[in-house]
Amino acid sequence: QVQLVESGGGLVQAGGSLRLSCVASGRILSINDMGWYRQAPGKERELVATITEGGATNYADSVKGRFTISRDNGENTVYLHMNSLKPEDTADYYCDAYITSFLRTTYHYWGQGTQVTVSS
């Protein structure tokens, strides 16, 4: 059983910072792409940032220059460092990962989400 568990969400004032973490656990052989998505109330889930196993990154235009995605392959963890937060960043944040298990099958997994609220 593979799981992704996020942490680090919370309430922060505009201009502040938060760091989200997402740890993958279970019978993991390797982790390919990892990423962060967010879903605001009444809106569709949208891409925030992705990172390949080799460290190549991709960001939504709305977060470029403010958010940084990183990963620790030894700890099966992906991070999202969020700076200069704006009220429009308020959303539930979800991590995802493409994980190959010891059965050598690759599936797409999602975490349960962590809430980020930015007050003005």
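Refer to the structure presented above.
Reference entry: report on the structure contained in this document.

What counts, and at which threshold
Residues numbered from 1 in each chain as written. Predicted model: local features only at pLDDT ≥ 70, side-chain atom pairs only at ≥ 80, totals over all residues. Heavy atoms only, no water. Buried < 20%, exposed > 50% of the residue type's maximum accessible area, 1.4 Å probe, protein only. Helix = DSSP H or I, 4+ residues; strand = E, 2+ residues; numbered from the N terminus. Pairing = 2+ DSSP bridges. Phe/Tyr/Trp six-rings, centres within 6.5 Å; stacked < 30°, edge-to-face > 60°. Lys NZ or Arg CZ within 6 Å of the ring centre and 35° of its normal. Axes fitted to C-alpha atoms, helices over the stretch in contact; angles between N-to-C directions. Salt bridge = Lys/Arg side-chain N within 4 Å of Asp/Glu carboxyl O. Polar contact = N/O pair within 3.5 Å; in protein donor to acceptor, adjacent residues only side chain to side chain. Contact = heavy atoms within 4.5 Å.

## Re the pairing of strand E7 (residues 67-72)
Working note: regular strand, side chains alternate between the two faces of the sheet.
Part 1 of the reasoning: Residue alternation in E7 divides its side chains into a buried set, Phe67, Ile69 and Arg71, and an unburied set, Thr68, Ser70 and Asp72.
Part 2 of the reasoning: Bridge count for E7 against strand E8 (residues 77-82) is 6 bridges, and the pairing is antiparallel. Bridging from a neighbouring strand, Phe67 pairs with Met82 of E8.
Part 3 of the reasoning: From the end of E7 to the start of E8, which pair antiparallel, there are 4 residues, and Asn76 there has a positive phi angle of about 50°.

## Here's the deal with the packing of aromatic side chains
Part 1 of the reasoning: Following the criterion strictly, the structure yields 2 aromatic pairs and no others.
Part 2 of the reasoning: Ring centres of Tyr107 and Tyr109 lie 6.4 Å apart, and the angle between their planes is 80°; on these two criteria the pair is classed as edge-to-face.
Part 3 of the reasoning: Of note, Arg45 hangs over the ring of Tyr94, and the distance from its end group to the ring centre comes to 3.8 Å.
Part 4 of the reasoning: Cation over ring: Arg45 sits above Trp110, and NZ or CZ is 4.6 Å from the ring centre.

## Focus: the sheet that holds E7
Part 1 of the reasoning: Spatially, the 4 strands line up as an open sheet ordered E1-E3-E8-E7, and their pairing is antiparallel. Where the open sheet ends on each side, the last strands, each with one partner, are strand E1 (3-7) and E7. Here the strands of the sheet are splayed against their neighbours by 15° on average, with no regard to which way each runs.

## Brief notes about the pattern of salt bridges
Part 1 of the reasoning: Applying the stated criterion across every chain, the model contains 4 salt bridges.
Part 2 of the reasoning: Between Lys64 and Asp61 there is a salt bridge; the shortest N-O distance is 3.1 Å.
Part 3 of the reasoning: Classification of Asp61 as exposed rests on a relative accessible area of 64%.
Part 4 of the reasoning: Linked by salt bridges that have partners in common, Arg38, Glu46, Arg66 and Asp89 make up one network.

## A word on the side chain of Thr114
Part 1 of the reasoning: On the secondary structure map, Thr114 appears in strand E11 (residues 114-119).
Part 2 of the reasoning: Among the polar contacts made by the side chain of Thr114, one reaches the main-chain amide nitrogen of Gly9 at a distance of 3.2 Å.
Part 3 of the reasoning: Discounting chain neighbours no more than four positions away, the residues touching Thr114 are Glu6, Ser7, Gly8, Gly9, Leu20, Ala91, Asp92 and Tyr93.

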